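Examining the three-dimensional arrangement
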Amino acid sequence: MTSHLMTRRRFTRLTLSILAAGLLASSLPTLALAQDALAAAKAAGQIGERPDGLVGTVPGAPATAQALAAQVNAQRLARYREIAQGNGTALDKVQAVAGQQLIERTPAGQFVMTAAGQWQRK
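This is a predicted model, so every value here is computed, not measured. (Residues numbered from 1 in each chain as written. Predicted model: local features only at pLDDT ≥ 70, side-chain atom pairs only at ≥ 80, totals over all residues. Heavy atoms only, no water.)

**What about the overall build of the protein?**
Across its full length, the protein carries four helices and four strands. Counted from the first residue to the last, the protein has its helices and strands arranged as α-α-β-β-α-α-β-β. When the 122 residues of the protein are sorted by exposure, 35% land in the buried category. A separation threshold of at least 6 residues defines the contact pool for the protein, and within that pool the share at least 24 residues apart is 52%. Surface summary for the protein: the accessible area is close to 7,200 Å², and the carbon and sulfur share equals 59%. (Helix = DSSP H or I, 4+ residues; strand = E, 2+ residues; numbered from the N terminus. Buried < 20%, exposed > 50% of the residue type's maximum accessible area, 1.4 Å probe, protein only. Contact = heavy atoms within 4.5 Å. Areas by Shrake-Rupley, 256 points an atom, 1.4 Å probe, with all protein chains shown as cover.)

Structure follows, in C-alpha cells:
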C-alpha cells in the first residue's frame, strides 16, 4: 500500500510538472504581449521569478514594472487555479512546482527570489 501511495505521489508531481511547464506556452495574444514585456523587464533587472510561481519587482523597479508584474501574476494565478482544480491539488503545490521550474529556467544574470525572500542574481 505504501508503494502505491508513493507511485501516486510521483504521478501527481509528474503531472503537475508537465502542466506547469506548459504554463507560459499559451497562444493567447494578451499573454504573449505580456510575456514579451516580461522578458524585457527581466533582462533589465526590474522583475524576477519567485518560488511561489509568481513574479516580483526588484527594489528600485519603476511603476511600469510593478503594473506588469501584477498583470502577469493575475494571469498565472488564473492558470494555476485551473491546474489545481483539474488535478484536485492544492493551489500552493501547483505554484511551488511552477516556481521551481521557472527559477530553474531563469537565465544567468537575471533576478530570482530565494526561499528566504531575498533577491539575487542567478
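**Some details on the pattern of salt bridges**
Throughout the structure, instances matching the rule amount to four salt bridges. A salt bridge links Arg50 to Asp52; the shortest N-O distance between them is 2.6 Å. Owing to a relative accessible area of 22%, Arg50 belongs among the partly exposed residues under this scheme. The partly exposed category is assigned to Asp52, whose relative accessible area is 27%. (Salt bridge = Lys/Arg side-chain N within 4 Å of Asp/Glu carboxyl O.)

**A closer look at the side chain of Thr106**
Residue position: Thr106 is located in the loop between α4 (91-105) and β3 (111-113). Using a relative accessible area of 5% as the deciding quantity, one classes Thr106 as buried. Ignoring anything within four residues of it in the chain, the contact list for Thr106 reads Glu49, Phe111, Val112 and Lys122.

**A few points about the environment of Leu102**
With respect to the secondary-structure elements, Leu102 resides in helix α4. Residue classification places Leu102 among the buried positions, given a relative accessible area of 6%. Each C-alpha atom of the pair Leu102 and Pro51 lies 8.3 Å from the other, and the pair is 51 residues apart in sequence.

**Brief notes about the packing of helix α3 (residues 63-87) against α4**
In a pair of packed helices, the angle between the axes and the distance between the axes together describe the arrangement. Close contact between α3 and α4 brings their axes to 9 Å; oriented N to C, the two are set at 120°. Here α4 runs oblique to α3, going by the angle between their axes. Two packed elements cross with a definite hand, and for α3 against α4 that hand is right-handed. Within the contact between the two elements, α3 uses Arg76, Leu77, Tyr80, Arg81, Ile83 and Ala84 and α4 uses Leu91, Val94, Gln95, Ala98 and Leu102. Per-class residue counts for the contact of α3 with α4 are eight nonpolar, one polar and two charged. (Axes fitted to C-alpha atoms, helices over the stretch in contact; angles between N-to-C directions. Parallel < 35°, antiparallel > 145°, perpendicular 65-115°, else oblique. Left-handed = near helix turned anticlockwise from the far one by under 90°. Nonpolar A, V, L, I, M, F, W, Y, C, P; charged D, E, K, R; others polar.)

**Examining the nonpolar core**
The biggest cluster of nonpolar side chains holds nine residues, and these are Leu38, Ala41, Ile47, Val55, Ala61, Ala65, Leu68, Ala69 and Val72. Looking at which element gives the most residues to this core, the answer is α3, with four residues. Beyond its immediate chain neighbours, meaning those up to four positions away, Ala69 contacts Ile47, Val55 and Thr57. Counting residues in each nonpolar core, the second largest holds seven residues, with Leu54, Tyr80, Ile83 and Ala84 among its members. (Core = buried A, V, L, I, M, F, W, Y, C linked by side-chain atoms within 4.5 Å.)

**Structural notes on the environment of Leu38**
With respect to the helices and strands, the residue Leu38 is situated in helix α2 (residues 29-43). Among the residues examined, Leu38 registers a relative accessible area of 2% and is labelled buried. Along the backbone, Leu38 and Gly48 are 10 residues apart, and their C-alpha atoms lie at a distance of 9.2 Å.

**Some points on the confidence of the model for the protein**
Summary statistics for the protein give a mean pLDDT of 84 and a share of 72% for residues scoring 70 or more. Every residue in residues 24-29 is under pLDDT 50, and counting partners more than four places away or in other chains gives four contacts. (pLDDT = per-residue confidence, 0-100.)

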